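# Breakdown of the fold
The lines below spell out each chain.
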Amino acid sequence: PQRSTQSRSSAASDVYKRQPMDLSTVRRRLKERRYKFVEECLTDIQLIWDNCKIYNQEGSPIYLLATRLEKLTKKAVRKHLPFFGQQRHTERGTKLADDDFMDGTIPFEEQIRLCQKAKMLTDDQLEAFLKIIIQHSHGVVQEHGKEKMTISVENISYNTLDKLNDYLRSISLENE
């Protein structure tokens, strides 16, 4: 938002009345699955930081905290959504997977179980397993040459985990 020549409190009051936003509202909207696109969620988060900076005096603790949180948010988007801004899966934006951003990371025990099952797969099964991860959790697989790759299991979405578990069930049925 652009700042006017009005006094800060008057300008802040106008902006805040027109577009109030806070983290509890973002959280509630996430839980209610009201965001259909990543951009909608990130726009609301940015609005919080913008309102904090407009509503509070430059250099004040809240202003400085908002500036810091804005930088951390942008850093987290670059880290966890490396394809954000590069690809669009629809005309309107990047669709949120069913459980992305909803419940955080997969529990550690589940990550261990998934890794243990992956170790038991044949080469062909492992290739299919990796394709599921690559298709549904962008940025989780890092290739290091032709023979080596790293999978950030902690960044696999719940949606991808469900697809992997479906696949694992399907191949265990084939082997029986």
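Quick look at the structure, then. Note that the coordinates shown come from a computational prediction; the quantities given were computed from them, not determined experimentally.

## Here we look at the nonpolar core
Ranked by internal contacts, the top residues of the largest apolar core, which has 15 residues, are Leu114, Phe129, Ile133, Ile156, Leu164 and Leu168. Breaking this core down by element, the ones donating at least two residues are helix 5 (108–119), helix 6 (123–136) and helix 7 (158–175). With five residues, the top contributor of residues to this core is helix 7. Setting aside residues no more than four positions away along its own chain, Ile133 makes contact with Val140, Val141, Ile151, Ile156, Thr160 and Leu164.

## Some thoughts on unusual backbone geometry
For Arg33, which is not glycine, the phi torsion reads 55° and is therefore positive. Looking at the element boundaries, Arg33 is found in the loop between helix 2 (23–31) and helix 3 (38–55).

## A closer look at helix 6
Between its terminal C-alpha atoms helix 6 stretches 20 Å, which fits the 20 Å expected from 14 residues at 1.5 Å a residue. Among the residues making up helix 6, those that are buried are Gln125, Phe129, Leu130, Ile132 and Ile133. Down the axis, helix 6 shows its buried residues gathered within 150° of arc, on one side only. In helix 6, those exposed residues whose orientation departs by more than 90 degrees from the buried face are Asp123, Asp124 and Gln135.

## Here we look at a positive patch on the surface
On the surface, Arg68, Lys71, Lys75, Arg78 and Lys79 cluster together into a patch of positive charge. With respect to the helices and strands, Arg68 occurs in helix 4 (residues 61–80).

## Notes on helix 4
The end-to-end C-alpha distance of helix 4 is 28 Å, a good match for the 28 Å that 20 residues give at a rise of 1.5 Å each. Among the residues of helix 4, Tyr63, Ala66, Glu70 and Val77 are the ones counted as buried. An end-on view of helix 4 places all buried positions within 55° of arc, on one side of the element. Structural note: helix 4 exposes Pro61, Lys71, Lys75 and Lys79 on the side pointing more than 90 degrees away from its buried face. Each element contacted by the buried residues of helix 4 is listed here: helix 3.

Cut-offs used in this document
- Residues numbered from 1 in each chain as written.
- Predicted model: local features only at pLDDT ≥ 70, side-chain atom pairs only at ≥ 80, totals over all residues.
- Heavy atoms only, no water.
- Core = buried A, V, L, I, M, F, W, Y, C linked by side-chain atoms within 4.5 Å.
- Buried < 20%, exposed > 50% of the residue type's maximum accessible area, 1.4 Å probe, protein only.
- Helix = DSSP H or I, 4+ residues; strand = E, 2+ residues; numbered from the N terminus.
- Contact = heavy atoms within 4.5 Å.
- Expected span 1.5 Å × (residues − 1).
- Arc of directions from axis to C-beta.
- Patch = residues over 30% accessible without salt bridge, like charges linked within 9 Å, V, L, I, M, F, W, Y side chains within 5 Å.
- Areas by Shrake-Rupley, 256 points an atom, 1.4 Å probe, with all protein chains shown as cover.
- Salt bridge = Lys/Arg side-chain N within 4 Å of Asp/Glu carboxyl O.
- Lys, Arg positive; Asp, Glu negative; His and termini not counted.
- Charge placed at Lys NZ, Arg CZ, Asp CG, Glu CD.

Bear in mind that shape data such as this cannot, by itself, settle questions of function.
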